[in-house]
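Listed below, chain by chain, are the residues.
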Amino acid sequence: MKKIAWITDSSCGLDKEYAAQHDIFIIPLNVIINGKTYKEEVDLTKEEFYQKLKEHGDGAKTSQPAYGDFITLYEQLKEEYDCGIAIHASSQLTGTYQSSVSASEMVGFDVEVIDSKIGDFALGKMIQNGVQMAESGKSFADIVQKLRSYPEFAQMYLMPQSFEQLRKSGRVSAAQSIFASLLNIHLILGFDDGKVIVKDKVRIKKRAKRKMFQLLDDAMEKYHLKEICILHAGVKDQAHNWKDEIEKLHAELKVNIQTLVPVAGVHTGHGTLCLAWLRD
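Keep in mind it's a predicted model, so treat the numbers as computed, not measured.

### Observations concerning the pairing of strand β13 (residues 273-278)
Working step 1: For β13, the tally of buried residues reaches six of six residues, placing the bulk of the element in the interior.
Working step 2: Neither face of β13 is open: one carries Leu273, Leu275 and Trp277, the other Cys274, Ala276 and Leu278, and all of them are buried.
Working step 3: By the bridge criterion, six bridges tie strand β8 (residues 154-159) to β13 in an arrangement that is antiparallel. Pairing of methionine 159 across the sheet is with leucine 273, part of β13.

Here you go:
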């Protein structure tokens, strides 16, 4: 068996303890709030981040890891591991994937770099499934082949709270932002081949929530999901309310709750709620 190093970035949402136990190395992305740069999940926790975002959300930004961070990591891993598998957030949203590819080639470390075409819970599940495959004795080639098939089975729907942040991040235009704010329109965002797209627009917040639940109902009927995650941007109580409602509707479904990764929360705003899954 080859000794495999797992590499990802902080958009994966994985618990630090789990990562430490399973040879998972997480390169942190950066969030910039009130003019100060923080390494995600290193310089401040998700909870601390959302408190700061609530107070100083205007002008918050993100930046990808320094290329040198990947070079340093891969040089270290090359000494200890036979090979690596890197899975990163969508290359449509960050240059992290390409930095990982370039750094592995420059260092000469045998790394299969995979574009998850998503982030957060679904990305984390891809890694967890890969780790399980490795622990069960699957070959390196078989694991990589399976992981490369995963992006088409992943989805994440977001109900963002901040049009201004979406505009600044380029997710919606200035005209769309002003128009939506004036008409009190709520957006539902989703992923399509790695890109964030507007799935729907509704006038009333309760309808936006109903639309999110309808998207889940449709996926349950079509794919018979076994597990999902509710992700929240600093509104844990609302996430638990959603969990209670969903469990009443789908008693057989495992419903997790996680805090949305800060690099996503910067763009969608404090109070955002999401549904995500990686189907079988």
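### Structural notes on the state of the cysteines
Working step 1: Within this structure, the stated rule accounts for zero disulfides.
Working step 2: Here cysteine 83 stays unpaired: no disulfide links it, and the sulfur of cysteine 12, its closest cysteine neighbor, is 19 Å away.
Working step 3: Of all cysteine sulfurs in the structure, the one in cysteine 274 sits closest to cysteine 229, which takes part in no disulfide; the separation is 9.1 Å.

### Observations regarding unusual backbone geometry
Working step 1: At aspartate 23, a residue that is not glycine, the phi angle is positive and equals roughly 55°.
Working step 2: Along the chain, the position of aspartate 23 falls in the loop between α1 (16-21) and β2 (24-27).
Working step 3: Owing to a relative accessible area of 33%, aspartate 23 belongs among the partly exposed residues under this scheme.

### A short note on the nonpolar core
Working step 1: Among the nonpolar cores identified, the biggest contains 52 residues, and Trp6, Ile85, Ile87, Ile127, Leu147 and Met156 are the most heavily contacted of them.
Working step 2: If one sorts the elements of this core by residue count, helix α5 (residues 120-135) sits on top with eight residues.
Working step 3: There are two domains that each give this core at least three residues, and those are domain 1 (4-29 + 64-152) and domain 2 (154-278).
Working step 4: For leucine 147, the contacting residues outside a window of four places in its chain are Trp6, Ile85, Ile87, Ile114, Met126, Gly130 and Met133.
Working step 5: Counting 23 residues, the second largest nonpolar core, distinct from the first, contains Ala208, Ile230, Trp242 and Leu273.

### Quick notes on the domain arrangement of the protein chain
Working step 1: Domain annotation of the protein chain identifies domain 1 (4-29 + 64-152) and domain 2 (154-278).
Working step 2: When each unit is reduced to the centre of its C-alpha atoms, the spacing between domain 1 and domain 2 is 26 Å.
Working step 3: The interface is formed by 19 residues belonging to domain 1 together with 22 residues belonging to domain 2.
Working step 4: When domain 1 packs against domain 2, close to 1600 Å² is buried across both sides, 66% of that on carbon and sulfur atoms.
Working step 5: Across the domain 1-domain 2 interface, the total number found is two salt bridges.
Working step 6: The tally of links from domain 1 across to domain 2 stands at seven residue pairs in polar contact (both at pLDDT 80 or more).

### Brief notes about the sheet that holds β2
Pairing between sheet strands relies on hydrogen bonds along the backbone, with the strands arranged either parallel or antiparallel.
Working step 1: Read from one edge of the open sheet, four strands run β2-β1-β6-β7, paired in parallel fashion. In this open sheet, the two edge strands, each paired with only one partner strand, are β2 and β7 (111-115). Neighbour-to-neighbour, the strand axes of the sheet open up by a mean angle of 20°, direction not taken into account.
Working step 2: Bridging between strand β6 (residues 83-88) and β7 involves five bridges; their strand directions are parallel. Note that in β7 the partner of histidine 88 across the bridge is aspartate 115.
Working step 3: Contacting β1 (4-9), β2 and β6, α5 runs over the sheet at an angle of about 175° to β1.

Reading the values: rules and limits
Residues numbered from 1 in each chain as written. Predicted model: local features only at pLDDT ≥ 70, side-chain atom pairs only at ≥ 80, totals over all residues. Heavy atoms only, no water. Buried < 20%, exposed > 50% of the residue type's maximum accessible area, 1.4 Å probe, protein only. Helix = DSSP H or I, 4+ residues; strand = E, 2+ residues; numbered from the N terminus. Pairing = 2+ DSSP bridges. Disulfide = S-S within 2.5 Å. Core = buried A, V, L, I, M, F, W, Y, C linked by side-chain atoms within 4.5 Å. Domains from an automatic or database assignment. Contact = heavy atoms within 4.5 Å. Buried area = accessible area lost by both parts, 1.4 Å probe. Salt bridge = Lys/Arg side-chain N within 4 Å of Asp/Glu carboxyl O. Polar contact = N/O pair within 3.5 Å; in protein donor to acceptor, adjacent residues only side chain to side chain. Axes fitted to C-alpha atoms, helices over the stretch in contact; angles between N-to-C directions.

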